[in-house]
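Descriptive structure summary
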Amino acid sequence: MAFTLSAEHDAIREAVREFGENEMAPVAEEHDREHKYPEEIRRKAAEYDFVAPSIPIDYGGAGMDKISSTIVTEELWRADPGIGSAVGSAGFGTNMIIEFGDEWMKEEWLPKVAGGETASCSMISEPAHGSNVAGIETVAEKDGDEYVLNGNKMWITNGTVADVGVLMAKTSPGEGHRGITAFLVEMDRDGVSTDKITNKLGIRASDLAEVIIDDVRVPEDNVIGEVDKGFYQLMEFFASGRTSVAAQAVGAAQGALDAAIEYANEREQFDQKIKEFQAIEHKLAEMATKVEAARSLTYRAASQVEKNNQDVAAQYSSMAKLFASEISVEVADEGVQVHGGSGYVTDYPAERYYRDARITKIYEGTSEIQKNIIADQIL
């Protein structure tokens, strides 16, 4: 299927690429080495509408379509996956607020996130429940006009830097996915505590945390959407989220390819540039072909998400997420190989892309989960 980007899409790509080259790439190694969250870069990115670009214009966002936001994600990760992850994830959970939240939630929080004033987070995964959302153990018990929340959330992006989060909890324990409700939780409420996770393989500039929810009280007005409908609400965003991860993977792969091409043009062996060796030429050719194939599938998935073709979008987003993440790791691996010994040290970005790309095969549903989904669709 042919797919052509518009002039507006090309302009967005150029703008994000320029921002990435000027603001992100020069400090990428520092942020990775120090596990430093790029708050200043996030605020600056918001000035260009690169933070949560899908937030509607009425609430301070850019109101970008899915293809445009996919391009933004790709280019942020191309510049640097770690900082790109931090900037690109600053609006986690806002899609739930946009679609199902009350007006007061939108007016209070969406402009702050879109403007770079703060970040949001989505609290779903737990120590014993990653891919199995229906198995979460966090509970919400009604007490008058309030809910009392208790649980333990793990691998929460923006956990220590967010001021607000969307939390999934069981309001009807024992009912599986039919008993889950989404809550808006302000992160400064009594009983909310966070512990930053720093021993990560990659995307070290991105904030990751464990969040403890201990007798946290929220008013019933903080319910997002309907009680016991949280899982069904969440399902509406899986295709979009997986397409975003595919875009991350494409960006990381392209960044690794760019680094390999640059090195091949500089490095000399046996009195000639290594780009003149056929073995290197073939590696680069295969890498470029894989990246382009992953990009095409990702954009196709994005177009289906934009059209709201839910069944088709579910299939293609899983295909894109699976293929792009696998390709990203392969391309990053070959990028290290092109660099030789130089690819194994932090003097060059090749090793960082190699480490950063690996996460795309895990979160938003592992590669194995994506294969299950694809098989269910085609069978």
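Each remark here, short or long, concerns the structure printed above.
Presented here is an overview of the structure given in this document. (Residues numbered from 1 in each chain as written. Predicted model: local features only at pLDDT ≥ 70, side-chain atom pairs only at ≥ 80, totals over all residues. Heavy atoms only, no water.)

1. Regarding the pattern of salt bridges
Where charged atoms of side chains with opposite charge meet at close range, the side chains can pair. The test is simple: Each salt bridge in this description consists of a side-chain nitrogen of Lys or Arg and a carboxyl oxygen of Asp or Glu lying within 4 Å of one another. A 1.4 Å probe rolled over the protein chains alone gives each residue an accessible area, and that area as a share of the maximum for its type sets the label: buried under 20%, exposed over 50%, partly exposed in between.
The tally for this structure, following the rule as stated, stands at 27 salt bridges. Here Arg 33 and Glu 34 are joined by a salt bridge, their closest N and O atoms 3.5 Å apart. Between Glu 175 and Arg 178 there is a salt bridge whose closest N-O contact spans 4.0 Å. On the basis of relative accessible area, Glu 175 is assigned to the partly exposed category, the value being 38%. Residue Arg 178 is classed as partly exposed on the basis of its relative accessible area of 47%. The network of salt bridges with shared partners includes Arg 13, Arg 17, Glu 74, Glu 75, Arg 78, Asp 258, Glu 292 and Arg 295.

2. A short note on the environment of Leu 184
Selection rule: The helix and strand labels rest on DSSP assignments: H or I over at least four residues marks a helix, E over at least two residues marks a strand, and numbering proceeds from the N terminus. Contacts are assigned to residue pairs that have any heavy atoms within 4.5 Å of one another.
Mapped onto the elements of the fold, Leu 184 is located in strand 5 (residues 180-186). In this structure, the C-alpha to C-alpha distance between Leu 184 and Pro 219, residues 35 residues apart in sequence, is 9.6 Å. Aside from chain neighbours lying at most four places away, what touches Leu 184 is Ile 97, Trp 104, Met 105, Trp 109, Val 164, Gly 165, Val 218, Asn 222 and Ile 224.

3. A closer look at the packing of aromatic side chains
The condition is simple: Ring pairs shown here join Phe, Tyr and Trp side chains whose ring centres sit within 6.5 Å, with only the six-membered ring taken for Trp; geometry is labelled stacked below 30 degrees between planes, edge-to-face above 60, and tilted in between. Working rule: Lys NZ or Arg CZ, within 6 Å of ring centre, within 35 degrees of ring normal, means a charge sits over the ring.
The tally for this structure, following the rule as stated, stands at 8 aromatic pairs. With a centroid separation of 5.1 Å and an interplanar angle of 65°, the aromatic rings of Tyr 147 and Phe 183 are classed as edge-to-face. Separated by 36 residues along the polypeptide, Tyr 147 in strand 3 (residues 146-157) and Phe 183 in strand 5 bring together distant segments of the chain. This pair shows no difference in class: Tyr 147 is buried, exactly as Phe 183 is. Three or more aromatic residues joined by ring pairs make a cluster, and in this case those are Phe 19, Tyr 48 and Phe 50. The ring of Trp 109 has Lys 112 lying over it, and the distance from NZ or CZ to the ring centre is 4.6 Å. In this arrangement the basic side chain of Arg 242 is found over the ring face of Phe 238, its NZ or CZ atom lying 4.8 Å from the centre.

4. Concerning the nonpolar core
Where we set the bar: Residues belong to a common nonpolar core when they are buried Ala, Val, Leu, Ile, Met, Phe, Trp, Tyr or Cys residues joined through side-chain atoms within 4.5 Å.
Core analysis: the biggest nonpolar cluster contains 48 residues, and Met 96, Met 168 and Ile 224 have the highest contact counts within it. Residue contacts for Ile 224: discarding those within four places in its chain leaves Met 96, Ile 97, Phe 100, Gly 101, Met 105, Val 166, Ala 182, Phe 183, Leu 184 and Gln 233. In this structure, Trp 77, Ala 252, Ile 274 and Ile 280 belong to the second largest nonpolar core, which totals 29 residues.

5. Some thoughts on the side chain of Thr 157
Inspection of the secondary structure puts Thr 157 in strand 3. If we ignore the near neighbours within four places in the chain, the residues touching Thr 157 are Ser 89, Phe 92, Cys 121, Ser 206, Asp 207 and Leu 208.

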